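Chains, contacts and geometry: an overview
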Amino acid sequence: MHLAVRYLSLSAVKLVKQQINGSDRTVLKENATAEDLRAEAVRLQHLLGYEVEADERSKRYIATHRFFRGKFVLSLQPD
């Protein structure tokens, strides 16, 4: 899994986990960086067992889990 996120140079960026097939939206970190995004994707994959795919075109990750309901997008969003 590799994703290089270099497109956001804003000073106030949030790391957001948003459910695709529901209404859950959680701000995981304020003033986040591309490294924070990658680290959260790795954490979801290795510690929680999510299947994580990099969406290179949109500079985000898609996370799904075969037991837990929900499909999530991890992304950096402007404040």
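Residues numbered from 1 in each chain as written. Predicted model: local features only at pLDDT ≥ 70, side-chain atom pairs only at ≥ 80, totals over all residues. Heavy atoms only, no water.

What follows is about the pattern of salt bridges. Per the counting criterion, the structure on display carries 4 salt bridges. For Glu 40, the salt bridge is made with Arg 43, and the minimal N-O distance between the two is 2.9 Å. Taken as a pair, Glu 40 and Arg 43 lie in helix H1 (residues 34-46) at a separation of 3 residues, close to a single helical turn. Looking at Arg 43, the relative accessible area reads 36%, which means it is partly exposed. The partner of Arg 60 in a salt bridge is Asp 55, and the shortest N-O contact between them spans 3.1 Å. The class for Arg 60 is partly exposed, based on a relative accessible area of 28%. Take Asp 55: its relative accessible area is 19%, and that puts it in the buried class. (Salt bridge = Lys/Arg side-chain N within 4 Å of Asp/Glu carboxyl O. Helix = DSSP H or I, 4+ residues; strand = E, 2+ residues; numbered from the N terminus. Buried < 20%, exposed > 50% of the residue type's maximum accessible area, 1.4 Å probe, protein only.)

Judged by pairing direction, the sheet is antiparallel, and its 5 strands sit side by side in the order S2-S1-S5-S4-S3 without closing on themselves. Looking at strand neighbours, the two that pair on one side only are strand S2 (25-29) and strand S3 (51-55), the edges of this open sheet. With direction set aside, neighbouring strand axes in the sheet form an average angle of 25°. In this sheet, strand S4 (residues 60-64) lies alongside S3 in antiparallel orientation, the contact comprising 5 bridges. Considered in S4, the bridge of Ala 54 is made with Tyr 61. (Pairing = 2+ DSSP bridges. Axes fitted to C-alpha atoms, helices over the stretch in contact; angles between N-to-C directions.)

Let's shift gears to unusual backbone geometry. Positive phi, normally seen in glycine, also occurs at Asn 31, with a value near 50°. Relative to the elements of secondary structure, Asn 31 occurs in the loop between S2 and H1.

The next subject is H1. For H1, with 13 residues, the first-to-last C-alpha span of 18 Å sits near the 18 Å given by 1.5 Å per residue. Listing the buried residues of H1 in full gives Asp 36, Leu 37, Glu 40, Ala 41 and Leu 44. Seen from one end, H1 has its buried residues packed into an arc of 135°, which puts them on one side. Buried-residue contacts for H1 involve strand S1 (13-19), S2, S3, S4 and strand S5 (71-78). (Expected span 1.5 Å × (residues − 1). Arc of directions from axis to C-beta. Contact = heavy atoms within 4.5 Å.)

Let us now look at the pairing of S2. In this sheet, S2 lies alongside S1 in antiparallel orientation, the contact comprising 4 bridges. Counted as the bridge partner of Gln 18 is Arg 25 from S2. Hairpin connection between S1 and S2: a loop of 5 residues separates the two successive antiparallel strands.

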